[in-house]
Amino acid sequence: MNASHTLLSRQGQRLLQIGVVLFLYSSVFGFAIPFLGSPRIGLSVHTLSALQGVLLLAQGLLWPRLRLSVTASWSAFWCGIYATLAILAA
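Residues numbered from 1 in each chain as written. Predicted model: local features only at pLDDT ≥ 70, side-chain atom pairs only at ≥ 80, totals over all residues. Heavy atoms only, no water.

A. Local environment of the overall build of the protein. Helix and strand content of the protein: 3 helices and 0 strands. Mapped in sequence order, the helices and strands of the protein form the string α-α-α. In terms of overall dimensions, the protein has a C-alpha envelope of 50 × 20 × 10 Å along the principal axes. By residue count, 26% of the 90 residues in the protein fall in the buried class. For the protein, the exposed area adds up to about 6100 Å²; of that, 72% sits on carbon and sulfur atoms. (Helix = DSSP H or I, 4+ residues; strand = E, 2+ residues; numbered from the N terminus. Buried < 20%, exposed > 50% of the residue type's maximum accessible area, 1.4 Å probe, protein only. Areas by Shrake-Rupley, 256 points an atom, 1.4 Å probe, with all protein chains shown as cover.)

Right under this line is the structure:
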């Protein structure tokens, strides 16, 4: 149980860090919207990255309170990160 709790705590901290990075990316990208070829798509990316950043912040705060095994937490963590970055990359 201790190894699982340590892993969940570390993963929660990593989710918070990635959420803050996405939120900062969204803030900086907001200044570039008028200079893009299609400002409407830029606004969509800006809004989506802010939403994903806030979602990861909330997920990071709740992550250590979950009761998951090591395999389940590892799988859910990486699937969540992949889903977030895949949506933004598309």
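B. Expanded view of the side chain of glutamine 52. With respect to the element layout, glutamine 52 can be found in helix α2 (residues 39-62). Apart from the residues within four sequence positions on either side, glutamine 52 is in contact with Leu22, Thr84 and Ile87. (Contact = heavy atoms within 4.5 Å.)

C. Main features of the environment of glycine 12. Relative to the helices and strands, glycine 12 resides in helix α1 (residues 2-32). Taking the C-alpha atoms as reference points, glycine 12 and glycine 53, 41 residues apart in sequence, are found 14 Å from one another. Ignoring sequence-local partners within four residues, the contact set of glycine 12 consists of Gly60, Trp63 and Pro64.

D. Quick look at the packing of aromatic side chains. For the structure shown, the criterion picks out 3 aromatic pairs. Consider the rings of tyrosine 25 and phenylalanine 29, whose centres lie 5.6 Å apart with planes at 25°: the pair is stacked. Within this pair, tyrosine 25 and its partner phenylalanine 29 are both found in helix α1, separated by 4 residues, close to a single helical turn. Residue class for tyrosine 25 comes out partly exposed when judged on its relative accessible area of 40%. A relative accessible area of 18% places phenylalanine 29 in the buried class. Centre to centre, the rings of phenylalanine 77 and tryptophan 78 are 5.1 Å apart; their planes meet at 80°, and the pair counts as edge-to-face. Note on phenylalanine 77: relative accessible area 6%, which makes it buried. (Phe/Tyr/Trp six-rings, centres within 6.5 Å; stacked < 30°, edge-to-face > 60°.)

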